[in-house]
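Now for the letters of each chain:
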Amino acid sequence: MKLKRCSRLSSFSFARLFLGSILLFAGTSLLPAGDRTLEESFRKPAPVDHPFTRWWWNGNRVNTAEAIRQLDVMREAGIMGVEINSIAMPHVVPTESLSEFPQLHWMSPEWGQVVREVCEAAHARGMTTDIIMGSGWPFGGEFLPVSDQIQRVRLVKRAFTGPAEIDVALEELHLDEQDGTNHESAWDIVPPHRELLSLRLRRNGANDLGTELIDGPTALPERLSFTVPSGEHTLYIVAMEQGFTEVKHGAPGAAGPIVDHYNPAAVRRYLDHGSAAFEKATGRKWADLVRAVFVDSLELSRSNWTTGFAQTFAAARGYNLEPYLPLLLDLSDDDLPPDLADTVQRARYDFSQLLVDTFEKGFLRTFDDWAHEHGIQARAQAYGRETDPLHGSMNVALPEGETWLWNDSLNNRDILVDSTVVNSYVGSGARLSGQRRVSFEAMTNAVPAFRETLADFKQALDQTLLDGISHPILHGFNYTPLEAGFPGWVRFGCYLNERTPWWPHMVHFSDYAARMNTLLQAGEIETRIALLGPRADELARLGMLYQPFPETRYPWYRYAIAEAFRQAGYGVDYVSERVLQEAVRRDGQLHFGQRTYDTLVLLDVQSVQLATAQKLRSLAEGGVTLAAIGQVPHRHSGLKDAAERDQAVRAIMADIAPERLLRFAAPTKPASPYPADQRGVADHDQELIDLAAAIGQATGANPSVMFAETDIDLSHLRIKLDDGRDALFFANYSRERSLETHVQVPRVSGSAARWDATTGEVHSLVPRPDGGVELHLRPLESTVLVWGGSGENPSVKRVGEVRDLAQLDITSWNLEFRPVAGGQVFTLQNPSLFDLSLSEDPRIASFAGDVVYRANFTADQADAFDRLNLGRVHGSVAARLNGQPLGDSWYGEPEFDVAGKLRSGSNTLEVTVSTHLANYMHAQKDDPVAQRWTFWYSPIPAGLLGLKADPGE
């Protein structure tokens, strides 16, 4: 495993905490002089640490002047990097809106001129530019010869009853029939080249592989003739298809066939073609214009073959693949006798693992090497069916994960945040290979469009940060000229646009994210427990599952347990058999590169390579504590010499002393009211957190933090800063509940401080006598605490009384509505606060824009309270008291400091809420773009509600 060439980048974000009983000092920094650089970088982050965005060049209908205008819009919002993404024009855009905007051909001189001028303009503004390779995804182009196009072997099964003589036309077997429910097949075409690899007839229930009816690969015949013996039989037809699918949403010039990602020569030819075309079109070298070339989702439509793979398999595995190919492609092993099922599963593991290894060498390493040669970096979402997400992320300079926004199927008024299961592997892979620069496709939104708010962004960022993935690449900014109308050209999702009502608040989110990026880039995430999942068993039983949305999670807690450990106070990394085989034991710990682990936890691992079993024994003998949830390894993964190696694995595992291999029962999967395919739903409960805590305590692993009480919505991350200090991030990612708990932080020294990512301020913190602190976290609140200051003891100030909005005895509100789309301003008098979306007035129910709430209240004295909590609000907030600004809030329950602004007697409060676009767009029944995204959902809550969450609500 090679350590990748990489430089350190940015990290990620979150928000502030209300520390009710903690003593705070609102003064200058407590940091020693030698640490001023980090503090100043935190206060004013570098441009590269700010969020970037995917910039869809819809239909390549771009021009320099408009593109530069959009750069300025992004920069004003704190977005300091773009990923230029040529893509097809959305099909619902009215054609009359396109006539004034000529379409540019990918890699044409006209396209290249715009790219060059835009990159140069971005650099002049301090912005970073990346660019996608090709167009849409995965990359390809009309220029690809058939020999370089994507390949797969595909199984079709048909039932026959004998005795019978069969003579059938191939077309009658419906070989081209596609699975209409599978999104991966939506772009499939009739392939230009096909071969018949196997024609196998097998009696149902027989304990054999069946009878092969052809002598070897051959052209597909027009008719098939064969004899079916007595009984029920299945005919297995295995065809190799080349060029069977096309680029998704490809723009002209890079649409059409997809390159064979397993073939390093084909990949290199494609990259070299793109390189020469780019430099010719732009007149510049890659490194003059872009930081990185990006590879988006590896949605290769189940590609699983390449030229010469059968020969490669025989050389690597020591037996021929062909006899096993039909049955290993068929995942319905329940129909096979146990012995035969075992044989087929071992062959399936060998087949799948070799494909993964071939992809890593053929595509990922080829791409990374090519980028390095051109002085740029390879940025990739290095996962799909074809990769191991851990190793994939270790083989590119800039690995990337992704976090999505989904609709809540139980209440479609809500958005569910999904830090996808692959993120834990991407973050672990980056740490194992020494990389801090890890980005993620942020807030991907292909369903609840126009509904997103910055509160959704906050929750998504916090959850993704916990995996150690740090830098958001927002999804995304549509290239759409103002002249194209409203909403314009919308390819996907989150409507990042100056015409979004909450857009003026975007800069606060960007600053917050940038500060946290800066902090995480200044240290290493602490992880003392390593997790080994049953990858070999998964491949053997289920084949190559799709990431980041695997069809099943094996075992069910495979991904959820990482978060359970963090919630129990322990930092974790996923590892692999390859990592373990290359790791060393030292001083009773497991070491790989710069990572050190006290404990290795096996997650229902049954099959391992013999070398892995030997390493497990060696680790245990060297003092590393092993813990096994469910079963322990007892079989070898692979078909060659299976019986002999199975016995060896069992003997090795039996040698490990029981006190070095602790056993824990597999947890029960929690019941859920959600359907099995609902994404974004937490898939664990308190039982899994308790199990993680029990494992940590029993194995003696070092906790990062000790919670007095654990909670399903409370998690943490610990960072050892390069200057020796310790930083801890705590997050409450409940939208409804406030959380309170006492925490103790082991292995810290010196004074403590709270770093406020919303303002950049650093406050001193006085812990309790026992060294712990009390956390009081409102909905979606988070905080950063840093230990290791100068030890000074300045005067401190206690946080004063907090008053809720409901306690002000406001009897009447004056509401002023300022529509985003330039409509007529109107007002409303209402005695109480309400959800705007539920109004019987269609102007209010469908409103999008700014709502200004004004009210008067009386205070007994000018210092009656110090802070005002506005409670729940759906939208971003700017508040004023007696004409003086209180500040902005873009998530959770807004709470403002009113000290010095409150008057004795009458006071005037003004709260401006910037809403989402959802209800307005839903009401635009004649707008095809609006209806494309909004026709199906119910009204979405909007406005100031004023209710405050209580702890444990």
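From a predicted model like this one, the values you see are computed outputs, not experimental measurements.

Trainee: What am I meant to see in the nonpolar core here?
Mentor: Generally speaking, nonpolar side chains in soluble globular proteins are found buried as a group. Ranked by internal contacts, the top residues of the largest apolar core, which has 147 residues, are Trp 55, Trp 57, Trp 305, Phe 351, Met 443, Phe 457 and Met 506. The element contributing the most residues to this core is helix 8 (residues 338-373), with 15 residues. Apart from the residues lying within four places of it in its own chain, the contact partners of Phe 457 are Met 443, Glu 452, Leu 474, Cys 494, Leu 496, Trp 502, Met 506 and Phe 509. Formed by 58 residues, the second largest nonpolar core is a distinct cluster that contains Ala 530, Ala 568, Ala 627 and Leu 662.

Trainee: Explain the sheet that holds strand 44 (residues 895-897) here, please?
Mentor: Across a sheet, strands are paired by hydrogen bonds formed along the backbone, either parallel or antiparallel in direction. In space, the three strands of this open sheet follow the order 36-40-44, with mixed pairing throughout. Of all the strands in the sheet, just strand 36 (802-804) and strand 44 have a single pairing partner and so form its edges. Sheet twist, expressed as the mean angle between neighbouring strand axes with direction ignored, is 25 degrees. For strand 36 and strand 40 (residues 867-869), the ladder comprises three bridges, and the chain directions are parallel. Paired with Val 802 across the two strands is Arg 867, which belongs to strand 40.

Trainee: Any chance you could explain the packing of helix 4 (residues 264-282) against helix 8 here in plain terms?
Mentor: In helix packing, the relevant descriptors are the interaxial angle and the interaxial distance, both defined with respect to the helix axes. Where helix 4 contacts helix 8, the two axes come as close as 9 Å, and the packing angle between them is 30 degrees. Classified by the angle their axes make, helix 4 and helix 8 are roughly parallel. Between helix 4 and helix 8 lies a crossing whose hand is right-handed. Residues Pro 264, Val 267, Arg 268, Leu 271, Asp 272 and Ser 275 of helix 4 pack against Gly 362, Phe 363, Thr 366, Phe 367, Trp 370 and Glu 373 of helix 8. Its residues placed into classes, the contact of helix 4 with helix 8 shows six nonpolar, three polar and three charged.

Trainee: What exactly am I supposed to notice about the pairing of strand 13 (residues 415-419) here?
Mentor: Along any regular strand the residues' side chains alternate between the sheet's two faces. With five of five residues buried, strand 13 is to be regarded as a mostly interior element. With burial as the criterion, each face of strand 13 is covered, one bearing Ile 415, Val 417 and Ser 419 and the other bearing Leu 416 and Asp 418. Of the strand pairs in this sheet, strand 12 (residues 398-407) and strand 13 are connected by five bridges, and their pairing is antiparallel. Residue pairing across strands places Trp 406 opposite Leu 416, the latter belonging to strand 13.

Trainee: Could you clarify how one ought to interpret the pattern of salt bridges in this entry?
Mentor: Pairing between side chains of opposite charge can happen when their charged atoms approach one another. Under the criterion given, the structure shown has 67 salt bridges. Across the pair Glu 40 and Arg 43 runs a salt bridge, and its minimum N-O distance is 3.2 Å. One end of the pair is Glu 40 and the other is Arg 43, both in helix 1 (residues 36-43) and three residues apart, which spans about a single turn. Its relative accessible area of 29% is what places Arg 43 among the partly exposed residues. Note that Asp 467 is salt-bridged to Arg 566, the shortest N-O span being 3.1 Å.

Trainee: What am I meant to see in the environment of Ile 629 here?
Mentor: With respect to the secondary-structure elements, Ile 629 resides in strand 24 (residues 625-629). Using a relative accessible area of 0% as the deciding quantity, one classes Ile 629 as buried. In sequence terms Ile 629 and Leu 662 are 33 residues apart; their C-alpha atoms lie 8.7 Å from each other. When residues no more than four places from it in sequence are discounted, the contact partners of Ile 629 are Tyr 557, Ile 561, Val 601, Leu 602, Leu 603, Asp 604, Phe 664, Ala 665, Ala 666, Pro 667, Leu 691 and Ile 695.

Trainee: What is the right way to read the confidence of the model for the protein chain from this model?
Mentor: Parts of the prediction with low pLDDT should not have their coordinates interpreted in detail. Put simply, the protein chain has an average pLDDT of 91, and 94% of its residues get 70 or more. Low confidence marks residues 1-36, where pLDDT is under 50. Its contacts with residues over four positions away, or in another chain, come to 164 contacts. Low pLDDT, under 50, characterises residues 790-798; the stretch is placed with 18 contacts to residues that sit more than four places away or in other chains.

Trainee: What exactly am I supposed to notice about the side chain of Arg 595 here?
Mentor: For Arg 595, the position within the fold is in strand 21 (residues 595-597). There is a polar contact of 3.4 Å between the side chain of Arg 595 and the side chain of Asp 573. The contact partners of Arg 595, leaving out residues within four places of it in the chain, are Arg 431, Leu 432, Glu 524, Ile 525, Glu 526, Thr 527, Asp 573 and Leu 590.

Trainee: Would you mind showing me how to read helix 8 here?
Mentor: Because each turn of an α-helix spans 3.6 residues, side chains separated by three or four positions end up pointing in the same direction. A rise of 1.5 Å per residue sets the reference length of helix 8, with its 36 residues, at 52 Å; its end C-alpha atoms lie 51 Å apart and thus fit the reference within 8%. The largest bend in helix 8 comes to about 30 degrees, at Glu 360. Gly 375 sits one or two residues past helix 8 and shows a positive phi near 75 degrees.

Trainee: How do you make sense of the side chain of Ser 303 when you look at a structure like this?
Mentor: Mapped onto the secondary structure, Ser 303 falls in the loop between strand 10 (292-295) and helix 6 (309-317). With relative accessibility at 1%, the residue Ser 303 sits in the buried group. Within the structure, Ser 303 has its side chain in polar contact with the backbone oxygen of Gln 151 (distance 2.7 Å). Residues contacting Ser 303, with those up to four places away along its chain left out, are Ile 150, Gln 151, Arg 152, Phe 244, Tyr 262 and Glu 386.

Trainee: How should empty space enclosed by the protein be read in this particular structure?
Mentor: Gaps left between atoms show up when a probe the size of a water molecule is rolled over them. This structure, assessed with the given rule, holds six cavities of 30 Å³ or more. There is about 130 Å³ of room inside the largest cavity. Looking at the largest cavity, it is lined by 14 residues, and the ones nearest its centre are Arg 431, Gln 435, Arg 436, Gly 468 and Ile 525. Sorting the residues of the lining of the largest cavity by element identifies helix 10 (422-432), helix 12 (506-521) and strand 16 (523-525) as the ones contributing at least two each.

Definitions and cut-offs
Sequence order as written defines residue numbering, which begins from 1 separately in each chain. Totals for whole chains, interfaces and linings use all residues, but because this is a predicted model, local features are given only for residues with pLDDT of at least 70 and pairs of side-chain atoms are given and counted only at 80 or more. Hydrogens and water are ignored here; the side-chain numbers use all heavy atoms of the structure. We define the nonpolar core as a collection of buried residues of types Ala, Val, Leu, Ile, Met, Phe, Trp, Tyr and Cys that are connected through side-chain atoms lying within 4.5 Å of one another. Buried residues are those whose accessible area, probed at 1.4 Å on protein chains only, stays under 20% of the maximum for their type, while exposed residues exceed 50% and partly exposed ones sit between those limits. By definition, any uninterrupted DSSP run of H or I lasting at least four residues is a helix, any uninterrupted run of E lasting at least two residues is a strand, and each is numbered from the N terminus. Every residue pair with non-hydrogen atoms within 4.5 Å of one another is taken to be in contact. In short, DSSP must find at least two bridges between two strands for them to pair. Axis lines are fitted through C-alpha atoms, for helices just across the contact stretch, and the angle between N-to-C directions can take any value from 0 to 180 degrees. Each angle gets one of four labels, with under 35 degrees taken as roughly parallel, over 145 as roughly antiparallel, 65 to 115 as roughly perpendicular, and the rest as oblique. Here a crossing is called left-handed whenever its near helix is offset anticlockwise from the far helix by less than a right angle, and right-handed whenever the offset is clockwise. Gly is put with the polar residues, along with every residue not named as nonpolar or charged; the nonpolar set is Ala, Val, Leu, Ile, Met, Phe, Trp, Tyr, Cys and Pro, and the charged set is Asp, Glu, Lys and Arg. Any carboxyl oxygen of Asp or Glu within 4 Å of a side-chain nitrogen of Lys or Arg constitutes a salt bridge here. pLDDT expresses, on a scale from 0 to 100, how confident the predictor is about each individual residue. Contacts described as polar in this section are N or O atom pairs within 3.5 Å, which, within protein, must combine one atom able to donate a hydrogen with one able to accept it, while residues neighboring in sequence count only if both atoms come from side chains. Expected helix span is given by 1.5 Å per residue-to-residue step, counting one fewer step than there are residues. We define the bend at any residue as the angle between the axes fitted to the seven residues before and including it, ending there, and the seven starting there. The distinction between a cavity and a pocket rests on a 1 Å grid over the protein atoms alone: a 1.4 Å probe fits inside a cavity but cannot get out, while a pocket stays open yet meets protein on both sides within 12 Å along at least five of seven lines, and a residue with an atom within 4 Å of a point counts as lining. Grid points are joined across faces, edges and corners, and a volume is the space filled by probe spheres set on the points.

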